[in-house]
Amino acid sequence: MQTPTPTPTEAATEVATEVATDIGGFLPFEIPMWIANIGKSLIVIGLAIAISRILVRLLGRRVAQRFRRPSLTRMALRGIRVSVYVFALLTILNIYGLQLADISLLITVFSAAVGFVLAPILGSLISGVFLLADQPYEIGDMIELADRGQRGFVEDITLRHTKMFTLDNTFLVIPNGEMRQRDVINYSAEDSRTRLSLDVLVTYESDIPAARKLIEDAAREVDNVISGGPDIRVGAARYPASPTVYINEFADHGVLLTLRYWVTEPYKLLAARSRVQTNVWRRLEDANVEIAYPHSHLYFDDTSGEMNVSLNDGLSGLNNGGRSHAATGDSPVPPRQDPDDLADE
């Protein structure tokens, strides 16, 4: 008769049993069954940890070359570890007498009991699969949460959540279900160069061509601002790489000039914008260009009309020591005029 081939779980159980038996043979007393089972379980756990580490070391480089994405590489290596640990768990359950059919029934009953509780977790896992497939961001990318205005670097992506370090050195763990519902701005996905803009309002009396040249030169002085070179392609369009000033609008208080410039890295956008504005202020202050600000002038002439104001009654009462309307609190009531008299006037 042909001997049935043992399953991997049964083979691992036999190995753990033989090891525990060999160890127990050196002892002068008989080991109780529950202690022996604990010893077998510890041996299986130790073997699982060692085997998982060995597999990660052996397959880590090949997996990285195969996927070429840090998030997928980490996910594949986690899958290897989880597979080894699940196999070790089944082996431990088999040591305590639970067969595969009993384990399947137990998992089914447990899943039905806690299915409602695990629904959000399963939703996050499914969202994590979509995130890994869509690739909206990758580990190491600088992203911004549009609804919060927080920027940071992606530290890790799992099937359940995304870990992010903000520029304020705070740590965020966001479920993937929420990440898929948010608008995420990625500053370093394809090209780390980022374009910024600056609006400068100058007076109509200023030398506009000179102002445009001064603002462009002020931006070129900053280190991480691209000063020139071939046009930068964004989609199907191409834009000048060097700082360029456009006349945006003839506004109420002056001419609105818009500076557009590119920076080489998106990690210090605020610092780059501040240095550009400082240079613009310094250059325009030294030149014949005045930065406009909202102001209003009121002019009154003969066509504006006249308004007669008289305080004679109140002043005379006060000067003569009598009771004035201001002193007594009584409001002066003008004599009532007939409407016909008003019409005659």
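The model shown is predicted, which means the values in this text are computed figures rather than measured ones.

**Student:** Before we move on, can you summarise the nonpolar core with the specific residues and values?
**Tutor:** Judged by nonpolar contacts, the single largest core of 26 residues is most densely connected at Ile215, Leu257, Leu259, Val276 and Val280. Among the secondary structure elements, those contributing two or more residues to this core are strand E6 (194-202), helix H6 (208-220), strand E10 (255-263) and helix H7 (269-286). Among the elements that line this core, the one with the most residues is H6, at six residues. Once residues within four sequence positions are removed from consideration, Leu259 is found in contact with Leu196, Ser197, Leu198, Ile215, Ala219, Pro243, Thr244, Val245 and Val276. Counting 13 residues, the second largest nonpolar core, distinct from the first, contains Leu132, Leu145, Ile157 and Met179.

**Student:** Requested: an account of the packing of H6 against H7, with residues and values cited.
**Tutor:** Remark: H6 packs on H7, axes separated minimally by 8 Å, with the N-to-C direction vectors making an angle of 140°. Considering their axes alone, H6 and H7 lie oblique with respect to each other. Crossing angle aside, the handedness with which H6 passes H7 is right-handed. Of H7, the residues touching H6 (which contributes Ala211, Leu214, Ile215, Asp217, Ala218 and Ala219) are Val276, Asn279, Val280, Arg283 and Leu284. Residue composition of the contact of H6 with H7, grouped by class: eight nonpolar, one polar and two charged.

**Student:** Summarise H6; cite the residues concerned and give the values.
**Tutor:** Between its first and last C-alpha, H6 extends 19 Å over 13 residues, near the 18 Å set by a 1.5 Å rise per residue. Restricting attention to buried positions, one finds in H6 the residues Ile208, Ala211, Leu214, Ile215, Glu216, Asp217, Ala218 and Ala219.

**Student:** Can you break down the confidence of the model for the protein residue by residue, with the values?
**Tutor:** For the protein, per-residue confidence averages 76 on the pLDDT scale, and 68% of positions sit at 70 or higher. Highest mean pLDDT in the protein belongs to E10 (94); lowest belongs to helix H9 (residues 325-328) (44). Long-range and interchain partners of residues 321-333, a stretch whose pLDDT sits below 50, account for ten contacts in this model, where long-range means more than four residues apart.

**Student:** Could you give an account of unusual backbone geometry, with specific residues and numbers?
**Tutor:** One non-glycine residue, Asn169, lies in positive phi territory at about 65°. By relative accessible area, which is 66% here, Asn169 ends up exposed.

**Student:** Just give me the short version of H7, but keep the residues and values in it.
**Tutor:** Taking 1.5 Å of rise per residue, 18 residues should cover 26 Å, and H7 covers 26 Å from first to last C-alpha, within 8% of that figure. Among all positions in H7, only Leu269, Ala272, Val276, Asn279, Val280 and Leu284 are buried. Along the axis of H7, the buried positions cluster into a sector of 125°, meaning they face one direction only. Pointing more than 90 degrees away from the buried face of H7 are the exposed residues Leu270, Trp281, Glu285 and Asp286. Where the residues of H7 are buried, they touch strand E2 (150-157), E6, H6 and E10.

**Student:** Residue-level account of the sheet that holds E10, with values.
**Tutor:** Here we have three strands laid out as an open sheet, ordered E6-E10-E9, and antiparallel in their pairing. Since the sheet does not close on itself, it has two edges, and those belong to E6 and strand E9 (244-250), each with one partner. Between one strand and the next, the sheet's axes are offset by a mean angle of 25°, whatever the strand orientation.

**Student:** Mind laying out the sheet that holds strand E3 (residues 161-166), listing which residues take part and the relevant values?
**Tutor:** In spatial order, the strands read E4-E3-E2-E1-E5; together these five strands make up an open sheet with antiparallel pairing. With partners counted over all chains shown, the strands left at the sheet margins are strand E4 (171-175) and strand E5 (184-186), one partner each. Here the strands of the sheet are splayed against their neighbours by 40° on average, with no regard to which way each runs. Inspection of the sheet shows E3 paired to E4 by five bridges, in the antiparallel sense. When the sheet's bridge partners are listed, Thr162 is paired in E4 with Ile174.

**Student:** For the environment of Ile208, give the residues involved together with the corresponding values.
**Tutor:** The residue Ile208 is located in helix H6 in this model. In this structure Ile208 comes out as buried when scored by relative accessible area, which is 16%. For the pair Ile208 and Asn288, spaced 80 residues apart in sequence, the C-alpha to C-alpha distance is 9.8 Å. The contacts of Ile208, once residues within four sequence positions are left out, are Val202, Thr203, Ile247, Val255 and Leu257.

The rules behind the values
Residues numbered from 1 in each chain as written. Predicted model: local features only at pLDDT ≥ 70, side-chain atom pairs only at ≥ 80, totals over all residues. Heavy atoms only, no water. Core = buried A, V, L, I, M, F, W, Y, C linked by side-chain atoms within 4.5 Å. Buried < 20%, exposed > 50% of the residue type's maximum accessible area, 1.4 Å probe, protein only. Helix = DSSP H or I, 4+ residues; strand = E, 2+ residues; numbered from the N terminus. Contact = heavy atoms within 4.5 Å. Axes fitted to C-alpha atoms, helices over the stretch in contact; angles between N-to-C directions. Parallel < 35°, antiparallel > 145°, perpendicular 65-115°, else oblique. Left-handed = near helix turned anticlockwise from the far one by under 90°. Nonpolar A, V, L, I, M, F, W, Y, C, P; charged D, E, K, R; others polar. Expected span 1.5 Å × (residues − 1). pLDDT = per-residue confidence, 0-100. Arc of directions from axis to C-beta. Pairing = 2+ DSSP bridges.

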